[in-house]
Amino acid sequence: MNRERIEEFLYREADLLDRPDLDSWVNLFAENGIYWMPAAEDQQDPINHISHIYDDRVMMEIRRRNFIHPRASSKEWEVRCSHVIGNIRVAPEDKDQGTTVTSNQHVVVWYREEQRLYACKVTHRLEVEGEDFKILEKRVDLINPSAPQQSLIIYL
Amino acid sequence: MTSVPTGDFSQVVTPTRVHRSLYTDPDLFELEMTRIWGQAWIFIGHESQVPNTGDYFTTNINHNIPVVMVRDKSGTVQVLHNRCGHKGAKVVEARSGNARGAFRCSYHGWSYRHDGSLLKVPNEAGYDGTGFDSANPCYSMQPLAQAESYRGFVFATLSPNAPDLKTWMGGARDCFDNLCDRAPEGEVEVAGGVLRYEHQCNWKFILENLNDTMHPMVVHESIVKAAESYLDSLPEDAVEQRKEAEIIPPFGASYEKFEASGITGFPFGHHYDGGKTSIHADYSVDPEYHAAMVAAYGEERTREIYSFNTHNVLFYPSLTIKCAVQNIRVIRPISVDRFIVETWSFRLKGAPDSMLQRTLLYSRLINSAMGMVGPDDLEVYRRAQEGLASPSNEWVEFHRQYGKDEQLEDRTVGGGTSDLDMRTQYQAWQAYMEGSIFNKVEKT
């Protein structure tokens, strides 16, 4: 697995969220791909424990449609993000799990005319598809998952 | 706290309107904290959060008074003021945990039994002959004026004058029974963690919104359309995808459907919508769960339990529950324009794991700060909070179906799109604020 290609993929994914272009972003996921934002530190279980987000492609499809709907009042506000990605670590490839890539990400979100900062540890599980990757799972561990959260209408 | 001054709030509350200052005035907010939150039974937690001796759970009973719920040696769940009898430091800081032998203050090491009584003062000889009496309850972690639980749900009040919990709940108590009866073993327990959601607006907006059935088709139109457009795009055989997406469209139910669900109000500001039917009535029943229910209750009683179908039930002012979904939301004000909502989910004892998983799916999609329903609700509350700064109209109105509510012996019933839920809340608001709320209460 080429580290440079993995980094390039992470930057490209982040760029789609920064703009944001959810239509293109959703297509980075495998058909059985998952986006997970746990609601507790070191959360092990996405099904028997609550999460902020645990979306399969069904929910991603609904979210991306909702995101651009003209009557979504929470989405009338501009939302833009700026991801900075660092501390990238690539684990050896696993036949079943794909390639696991962890990174630290600081995401500034502009929403409701305010800037907010999210600090996260992000874990991608990627599978190779042709010359590119597909995301099997993207897990976003906030530094403060159990703190009261503000409305967030975009994936980090 | 024991005597609430009387006063006249008819200048800001009428049967069909409230003054905008109820949402924007910091002084009124402070009065609400002592007169409403300082008198009403406030939801603290569930007994299943403290299963063993010394297990504790901390929260505030209003915007700033810290309390701790703890199971003492006798097995009783106590609700204590979280304040050291010495210099006043908060004794317990963690959200939850186990205090093995005793609570110990981190300042001078005073320690307390799980019932709050003072256990030990270090180097106590220095108090000899000073008039200090370690047996005086003021030096303990004092219990709240009253604490009681109903089917595991623990409430406490700062007021010694509040009627007992059952009387205060009135007919809305049926909803706790229904929630627990939906468990084959007749009990529920907290499971699967908590979501905390910060709201930048007055705490009363969410209470008004719970059974405001005129808002969903407007506020939640986009997510309903998004789900429907996705469902339309699916091939016929996409059964699993359909099942998952179908949790959303009921939020766009028609005015007629909501009207048919009806609203029921009770003394002390409680109310629910639904009863015979609600937007949760058409969820399919898990066959394994149904079999466990029938084995426990028999077919007829099982049907009866399912058929009591409410949407949101409010125990004014701190708790709203969803019996059919098995989650609750706990409200805690912070300031006049800020509050926190906590969403807790429950396991039905004796039911398959799929039931808890469904509850958590619901909580995640609907109640998360990153969900697709909550942020649109909060957006409109915030617009109301900002719009009410305008002096163009001093009043917020709730006339819908006024005069058509039917007063029964212990409750008021009306159409599902009636504003009777708002009228019910503000009658209680006024009586709490005027100090007359517990006059003429007959105990059950």
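Residues numbered from 1 in each chain as written. Chains lettered and ligands numbered in written order. Predicted model: local features only at pLDDT ≥ 70, side-chain atom pairs only at ≥ 80, totals over all residues. Heavy atoms only, no water.

1. Quick word on the overall build of chain A
Line of reasoning, step 1. In terms of regular secondary structure, chain A is built from 3 helices and 6 strands.
Line of reasoning, step 2. In sequence order, chain A lays out its α and β elements as α-α-β-β-α-β-β-β-β.
Line of reasoning, step 3. Projected onto its principal axes, the C-alpha coordinates of chain A cover approximately 45 × 30 × 30 Å.
Line of reasoning, step 4. Scored against the burial criterion, the 156 residues of chain A give a buried share of 56%.
Line of reasoning, step 5. At a minimum sequence separation of 6, the contacts of chain A that also span at least 24 residues come to 56%.
Line of reasoning, step 6. Carbon and sulfur atoms provide 45% of the accessible area of chain A, an area that totals close to 7,200 Å².
Line of reasoning, step 7. Side chains of chain A carry 20 positive and 28 negative charges; the gap between the two charge centres is 3 Å. (Helix = DSSP H or I, 4+ residues; strand = E, 2+ residues; numbered from the N terminus. Buried < 20%, exposed > 50% of the residue type's maximum accessible area, 1.4 Å probe, protein only. Contact = heavy atoms within 4.5 Å. Areas by Shrake-Rupley, 256 points an atom, 1.4 Å probe, with all protein chains shown as cover. Lys, Arg positive; Asp, Glu negative; His and termini not counted. Charge placed at Lys NZ, Arg CZ, Asp CG, Glu CD.)

2. A look at the nonpolar core
Line of reasoning, step 1. Ranked by internal contacts, the top residues of the largest apolar core, which has 130 residues, are Trp-25 and Leu-156 of chain A together with Trp-168 and Trp-429 of chain B.
Line of reasoning, step 2. Per element, the largest residue contribution to this core is 7 residues, and it comes from helix α14 (residues 420-434) of chain B.
Line of reasoning, step 3. Inspection of this core shows a minimum of three residues originating in each of domain 1 (42-150) and domain 2 (170-434) of chain B.
Line of reasoning, step 4. Sequence-distant contacts of Leu-156 of chain A, that is, excluding residues within four places in its chain, are made with Leu-17, Tyr-35, Met-37, His-83, Val-107, Val-109, Tyr-118, Cys-120, Lys-138, Val-140 and Leu-142 of chain A.
Line of reasoning, step 5. Counting 22 residues, the second largest nonpolar core, distinct from the first, contains Tyr-230, Ile-248, Leu-361 and Val-373 of chain B. (Core = buried A, V, L, I, M, F, W, Y, C linked by side-chain atoms within 4.5 Å. Domains from an automatic or database assignment.)

3. Some remarks on the sheet that holds strand β2 (residues 17-19) of chain B
All names here are of chain B.
Line of reasoning, step 1. In spatial order, the strands read β1-β2-β20; together these 3 strands make up an open sheet with antiparallel pairing. Strands with a single pairing partner mark the edges of an open sheet, and in this sheet they are β1 (13-14) and β20 (395-397).
Line of reasoning, step 2. Relative to β2, β1 is paired through 2 bridges, and the arrangement is antiparallel. Looking across to β2, one finds that Thr-14 is bridged to Arg-17. (Pairing = 2+ DSSP bridges.)

4. Comments concerning the interface of chain B and chain A
Line of reasoning, step 1. Counting from both sides, the interface comprises 43 residues of chain B and, opposite them, 39 residues of chain A.
Line of reasoning, step 2. When chain B packs against chain A, close to 3,600 Å² is buried across both sides, 53% of that on carbon and sulfur atoms.
Line of reasoning, step 3. The largest contributions to the chain B side of the interface with chain A come from Arg-364, Met-370 and Met-372 of chain B, which together make up 21% of the buried area.
Line of reasoning, step 4. Here chain B is connected to chain A by 5 salt bridges.
Line of reasoning, step 5. Residue Arg-112 of chain A is joined to Glu-386 of chain B by a salt bridge in which the shortest nitrogen-to-oxygen separation is 3.4 Å. (Buried area = accessible area lost by both parts, 1.4 Å probe. Salt bridge = Lys/Arg side-chain N within 4 Å of Asp/Glu carboxyl O.)

5. Focus on the pairing of strand β4 (residues 99-111) of chain A
All names here are of chain A.
Line of reasoning, step 1. Note: strand β3 (residues 79-90) against β4, 10 bridges, orientation antiparallel. Across the sheet, Cys-81 pairs through a bridge with Val-109, a residue of β4.
Line of reasoning, step 2. Pairing of β4 with strand β5 (residues 114-129) involves 13 bridges; the strand directions are antiparallel. Bridging from a neighbouring strand, Thr-102 pairs with Thr-123 of β5.
Line of reasoning, step 3. Connecting the antiparallel pair β4 and β5 is a turn made up of 2 residues, with Arg-112 showing a positive phi of about 55°.

6. What about the environment of Lys-257 of chain B?
Line of reasoning, step 1. Within the fold, Lys-257 of chain B resides in helix α9 (residues 255-261).
Line of reasoning, step 2. For the pair Lys-257 of chain B and Gly-416 of chain B, spaced 159 residues apart in sequence, the C-alpha separation works out to 8.3 Å.

7. Describing the domain arrangement of chain B
Residues and elements named next belong to chain B.
Line of reasoning, step 1. When its domains are assigned, chain B resolves into domain 1 (42-150) and domain 2 (170-434).
Line of reasoning, step 2. The interface is formed by 14 residues belonging to domain 1 together with 17 residues belonging to domain 2.
Line of reasoning, step 3. Note on domain 1 versus domain 2: buried area summed over both sides is about 1,200 Å², and carbon and sulfur give 61% of it.
Line of reasoning, step 4. Together, Phe-43, His-46 and Tyr-150 form the three largest contributors to the area buried by domain 1 at its contact with domain 2, with a combined 47%.
Line of reasoning, step 5. Summed over the shared surface of domain 1 and domain 2, the result is 0 salt bridges.
Line of reasoning, step 6. Summed over the shared surface of domain 1 and domain 2, the number is 5 residue pairs in polar contact (both at pLDDT 80 or more). (Polar contact = N/O pair within 3.5 Å; in protein donor to acceptor, adjacent residues only side chain to side chain.)

8. Topic: the environment of Asp-181 of chain B
All names here are of chain B.
Line of reasoning, step 1. Structurally, Asp-181 can be placed in helix α4 (residues 173-181).
Line of reasoning, step 2. Exposure remark for Asp-181: the relative accessible area of 13% places this residue in the buried category.
Line of reasoning, step 3. Separated by 111 residues in sequence, Asp-181 and Val-70 place their C-alpha atoms 26 Å apart.
Line of reasoning, step 4. Those residues within four positions of Asp-181 in sequence are excluded, and the remaining contacts are Arg-151, Met-293, Tyr-297, Arg-301 and Ile-305.

9. Thoughts on empty space enclosed by the protein
Residue and element names in this part refer to chain B.
Line of reasoning, step 1. One pass over the full model with this rule turns up 5 cavities of 30 Å³ or more.
Line of reasoning, step 2. Reported here for the largest cavity is a volume of approximately 280 Å³.
Line of reasoning, step 3. Together, 25 residues line the largest cavity, and Asn-209, Arg-329, Asn-367, Val-373 and Asp-377 are the ones closest to its centre.
Line of reasoning, step 4. Residue assignment for the lining of the largest cavity shows that the elements contributing at least two residues are β13 (188-199), α5 (204-210), β16 (309-315), β19 (338-348), α12 (353-367) and α13 (374-387).
Line of reasoning, step 5. Each residue belonging to the lining of the largest cavity can be placed in one class, and the counts come to 13 nonpolar, 9 polar and 3 charged. (1 Å grid on protein atoms, 1.4 Å probe; cavity = no way out; pocket = protein on both sides within 12 Å on 5 of 7 lines; lining within 4 Å. Points joined across faces, edges and corners; volume = space filled by probe spheres on them. Nonpolar A, V, L, I, M, F, W, Y, C, P; charged D, E, K, R; others polar.)

10. Comments concerning α13 of chain B
Line of reasoning, step 1. With 14 residues, α13 of chain B ought to run about 20 Å at 1.5 Å a step, and its terminal C-alpha atoms sit 20 Å apart, in line with that.
Line of reasoning, step 2. If you check which residues of α13 of chain B are buried, you get Gly-374, Pro-375, Asp-376, Asp-377, Leu-378, Glu-379, Tyr-381, Arg-382 and Gln-385 of chain B. (Expected span 1.5 Å × (residues − 1).)

11. Side note on the packing of aromatic side chains
Geometrically, a pair of aromatic rings is defined through the distance of the ring centres and the angle of the planes.
Line of reasoning, step 1. All chains considered together, the criterion is met by 32 aromatic pairs over all chains.
Line of reasoning, step 2. The interplanar angle of 65° and the centroid separation of 5.9 Å between the aromatic rings of Tyr-56 of chain B and Phe-103 of chain B together place this pair among those described as edge-to-face. Here Tyr-56 of chain B, found in strand β4 (residues 55-60), pairs with Phe-103 of chain B, found in strand β8 (residues 103-104); they are 47 residues apart in sequence, far enough to count as distant.
Line of reasoning, step 3. On the basis of relative accessible area, Tyr-56 of chain B is assigned to the buried category, the value being 11%.
Line of reasoning, step 4. Here the aromatic rings of Tyr-272 of chain B and Phe-308 of chain B are separated by 5.9 Å at their centres, their planes lie at 80°, and the arrangement is edge-to-face. Here the residue Tyr-272 of chain B occupies a position in strand β15 (residues 271-275), and Phe-308 of chain B occupies one in the loop between α11 (299-307) and β16, the gap between them amounting to 36 residues.
Line of reasoning, step 5. You can call Tyr-272 of chain B buried: its relative accessible area is 4%.
Line of reasoning, step 6. A connected cluster of aromatic rings, assembled from ring pairs, spans Phe-43, Tyr-150, Phe-153, Phe-155, Trp-168, Phe-176, Phe-315 and Phe-346 of chain B.
Line of reasoning, step 7. When the ring centre of Trp-36 of chain A is taken as origin, the NZ or CZ atom of Arg-139 of chain A, which lies over that ring, is 4.4 Å away.
Line of reasoning, step 8. The aromatic ring of Trp-395 of chain B is capped on one face by Arg-17 of chain B, whose charged end is 4.2 Å from the ring centroid. (Phe/Tyr/Trp six-rings, centres within 6.5 Å; stacked < 30°, edge-to-face > 60°. Lys NZ or Arg CZ within 6 Å of the ring centre and 35° of its normal.)

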